[in-house]
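Coordinates in review
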Amino acid sequence: MAGYAFISPFIIGFLCFTVIPMGASLFLSFTSYDLFTPPKWVGFDNYKAMLTDDEKYWGSLKVTFYYVLAGVPLRLAFALFIAVILNRAEKGVGIYRTLFYLPSIIGGSVAVAIMWRNVFGNDGVINGLLFFLGFDKKIFWYQDPTSALWTLILLSVWQFGSSMLIFLAGLKNIPPMYQEAASVDGANRFQRFFLITLPLLSPIIFFNLVMQTISAFMTFTPAYIISKGEGGPLDGTLLYSLYLFQRAFNFFQMGYASAMAWVMLILIGLVTFILFKTSSLWVHYESKEG
Amino acid sequence: MLMRRFVFVSLCILLTLGLFGCSSNTEEAAGADGKKKVTLRVAWWGGQPRHDYTSKIIELYEKEHPHVKIEAEFANWDDYWKKLAPMSAAGQLPDVIQMDMAYLSQYGKKGQLEDLTPYVKDGTINTESIDEKTIKGGKIGDQLYGFPLGVNVLSVITNDDLLKEAGVEIDDGSWTWTDFENLALEVEEKTGQYGSNGMHPPDVFFPYYLRTKGERFYKEDGTGLAYSDDKLFVDYFKRQVKLVDEKASPTPDESAQVKGMEDDFIVKGRTAATWNYSNQFAAFAQLTDAPLSLKLPPEQAKEKALFLRPSMLFSIPKSSEQKKEAAAFIDFFINNEKANALIKGERGVPVSSKIAATVKSQLSEEEKKIFEYVERATEYAGEAEPPEPIGSAEVIKLLKDTSDQILFKKITPEEGAAKFRKEADAILKRNQQ
């Protein structure tokens, strides 16, 4: 009995904030619900309208995939790069580790997104730097849909801290004897990195890849703040979750938004499944070695 | 062992106390004047100046009515509506909510708002010096879903220094759209500044353009778009594109960079004219160094295109448990001189003619301009627009997106016209069901 009492905070929280809302959202996704009048059952209409008759929906999907496909690999590469450097350093690692991790702690916050908007503003730091370097023409980062999206991608790359820490831990776990043996055999630094470090680190890379992909698909705050809730210019930063939010809270279409959320869940599941399928091709587990 | 039990028991006591502490005190004590104590929740949107003076009005009200305690809930425009919808779903709407014409149908027709007619009839809201036509602005059918707080008229706000520098004058009784275009081009040529801002947002000024051509934006019953000739849409946006091309209007990107009134083009002296509702003039005049004035927009006379519009309304939700007290607060807001001395017409020219006269006499020359402008416009004003239909939030966003696509040259005005018509009609039809 006491055992149940001890786990009850989790169980109650899980029921109230996960299971019941998800059930409700699944039900609502088959209804037309405007928050004011009771939901009306419409079957698969929301799903049908979304997939066949909503240009903006497909636009937001495209933007989201662009964001994920460009952002996640860059972020992981950057995290790995810094982790390798920190792994080799001998002095001041603690300080640098903290400094590099800082952007991730404050990462999801509104303040950072507002700062980012100003950094890339027409009179922002980036244009100031470019001017200093001799470019006298200002770049209007938010005028073009692609460059506006890239400011979001760069923001996500900048927040590489958590993957970096995991990489760092992984690197520390690689026994130094492999490296030593290789260098005795005459392998140079690059060969050692690509032929020894990377394969041994691949389970960690895989873990980071899956986690970061999932969270990238769900990105909301920076897009909302930087585009002031609009997803502009020309829907260039209209990430999936931002469009979902607009449907729900600007247009009062809770049913449609719920349907979008479920399609997103299925999509993320699918992408994760594919990643797991490919893992046997490149992820190297020591236990498999026989 | 004993110690442990002691700690356990005292922790339990603390916990229970804590729980009681959290539960709200539901009992209502009688106030000093014998009336039952009530707590009213009042919600509005706006900028910092509005929050400041409205809080002062609330203090004033609480002082005069000691049995009433008011909880203020305020936010900027965007966040306000995002907060209101879930509150409404939970039956937790504040007792007095500031309403906009764009949302009156959404909330009124879907049974969220109380008809205020009984409170007008029994005198809780005193309408002695308020024109019946003004009150009608808050009605859908014969249900008074919101009480208008002030009157607004569309206007062109001009920077007189820039106009003088360019050597142009506006005869706003008779100028045409072509005059407006030429003026903007000339200002750009002579001064290097913009002749006009981009006429944002399009959902305000495109319908006005239609009115000058004797057409309407929405059908009366809200089932679709009323104007039938897409050439009107094309002409309107062609002019916009031309002005942007000739650098007589800012690009949509530059407009998007404007974060608040403080860095608006007119405030920075970068444009000779800006399009806005008359009540915005006060804040612009305060922030701008150059002298500003209010002009009637082009071609308003022929079709009586101008109209008086409730700048905002106060509504009482059906779910409120103290509707009468809420109505009394609305009355105070509309009819109390001291309250309106604080508002100074920032919520539009007061609906009560008595109050409007009193307030006007207390204002500075700049602030008076709004009152004079609205008086002048009233002479020309035609029939008001009915409240916007359900689904208009989506149509407005669609028009804005389409306008952006045209100005960014992703589509031509012709393509935009066809696309907008098709999608807007679909949205409005869907919301009829």
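Residues numbered from 1 in each chain as written. Chains lettered and ligands numbered in written order. Predicted model: local features only at pLDDT ≥ 70, side-chain atom pairs only at ≥ 80, totals over all residues. Heavy atoms only, no water.

1. Concerning the overall build of chain B
Each helix and strand counted, chain B has 18 helices and 13 strands in total. C-alpha atoms of chain B, sized along the principal axes, occupy 90 × 50 × 45 Å. Per-residue burial over chain B gives 54% buried out of 433 residues. Sequence-distant contacts in chain B: of pairs separated by 6 or more residues, those separated by 24 or more amount to 75%. Summed over its atoms, the accessible surface of chain B is roughly 19900 Å², and 52% of this surface lies on carbon and sulfur atoms. One finds the centroid of the 56 positive side-chain charges in chain B at a distance of 4 Å from the centroid of its 69 negative side-chain charges. (Helix = DSSP H or I, 4+ residues; strand = E, 2+ residues; numbered from the N terminus. Buried < 20%, exposed > 50% of the residue type's maximum accessible area, 1.4 Å probe, protein only. Contact = heavy atoms within 4.5 Å. Areas by Shrake-Rupley, 256 points an atom, 1.4 Å probe, with all protein chains shown as cover. Lys, Arg positive; Asp, Glu negative; His and termini not counted. Charge placed at Lys NZ, Arg CZ, Asp CG, Glu CD.)

2. Let's talk about the nonpolar core
The tendency in soluble globular proteins is for nonpolar side chains to be buried as a group. Ranked by size, the top nonpolar core spans 134 residues in total, and within it Met99(B), Tyr107(B), Phe147(B), Phe217(B), Phe329(B) and Phe420(B) carry the most contacts. With eight residues, the top contributor of residues to this core is helix α10 (residues 230-245) of chain B. If we skip the residues at most four places from it in the chain, Phe147(B) touches Leu116(B), Val120(B), Ile125(B), Thr127(B), Ile130(B), Ile135(B), Met312(B), Leu313(B), Phe314(B), Ile330(B), Ile334(B) and Val351(B). In terms of nonpolar packing, the next biggest core, distinct from the first, is built from 64 residues, Val63(A), Ile82(A), Phe120(A) and Leu242(A) among them. (Core = buried A, V, L, I, M, F, W, Y, C linked by side-chain atoms within 4.5 Å.)

3. Quick notes on the sheet that holds strand β10 (residues 292-295) of chain B
Residue and element names in this part refer to chain B. Taken together, the three strands give an open sheet; going across it, the order is β9-β8-β10, and neighbouring strands pair in antiparallel fashion. The open sheet has two edge strands with one neighbour each: β9 (273-277) and β10. For this sheet, the mean inter-axis angle between neighbouring strands, taken without regard to orientation, is 30°. Summarising the sheet, strand β8 (residues 154-159) and β10 pair through four bridges and their orientation is antiparallel. Across the sheet, Thr 158 pairs through a bridge with Ser 293, a residue of β10. Running over the sheet, helix α16 (residues 365-380) touches β8 and β10 and is turned about 5° from β10. (Pairing = 2+ DSSP bridges. Axes fitted to C-alpha atoms, helices over the stretch in contact; angles between N-to-C directions.)

4. Topic: the environment of Ser403(B)
Residues and elements named next belong to chain B. Mapped onto the elements, Ser 403 comes out in helix α17 (residues 392-407). Taking the C-alpha atoms as reference points, Ser 403 and Leu 306, 97 residues apart in sequence, are found 23 Å from one another. Those residues in contact with Ser 403 that sit more than four places away from it in its chain are Pro 202 and Phe 237.

5. Concerning the sheet that holds strand β13 (residues 349-350) of chain B
Residues and elements named next belong to chain B. Strand order across the open sheet formed by three strands is β11-β7-β13, with antiparallel pairing between neighbours. The open sheet has two free edges, formed respectively by β11 (309-310) and β13, since each of these has just one partner strand. The pairing of strand β7 (residues 150-152) with β13 spans two bridges and is classified as antiparallel. Looking at β13, one finds that Gly 150 is bridged to Pro 350.

6. Points about the interface of chain B and chain A
The interface of chain B with chain A comprises 30 residues on the first partner and 29 residues on the second. Summed over both sides, the interface of chain B with chain A buries roughly 2500 Å², with 53% coming from carbon and sulfur. Remark: the boundary between chain B and chain A carries three salt bridges. With a closest N to O distance of 3.2 Å, Glu394(B) and Arg247(A) form a salt bridge. At the junction of chain B with chain A, the criterion picks out five residue pairs in polar contact (both at pLDDT 80 or more). (Buried area = accessible area lost by both parts, 1.4 Å probe. Salt bridge = Lys/Arg side-chain N within 4 Å of Asp/Glu carboxyl O. Polar contact = N/O pair within 3.5 Å; in protein donor to acceptor, adjacent residues only side chain to side chain.)

7. Focus: the packing of aromatic side chains
Aromatic ring pairs are described here by two measures, namely the spacing of the ring centres and the angle between the planes. Inspection of every chain in the model, using the stated rule, returns 57 aromatic pairs over all chains. Centre to centre, the rings of Phe205(B) and Trp275(B) are 5.4 Å apart; their planes meet at 75°, and the pair counts as edge-to-face. One end of the pair, Phe205(B), is in helix α9 (residues 202-212); the other, Trp275(B), is in strand β9, and 70 residues separate them in sequence. Given a relative accessible area of 2%, Phe205(B) falls into the buried group. Note that Arg247(A) overlies the ring of Tyr256(A), its terminal NZ or CZ placed 4.4 Å from the centroid. The side chain of Arg421(B) reaches across the aromatic face of Tyr227(B), ending 4.8 Å from its centre. (Phe/Tyr/Trp six-rings, centres within 6.5 Å; stacked < 30°, edge-to-face > 60°. Lys NZ or Arg CZ within 6 Å of the ring centre and 35° of its normal.)

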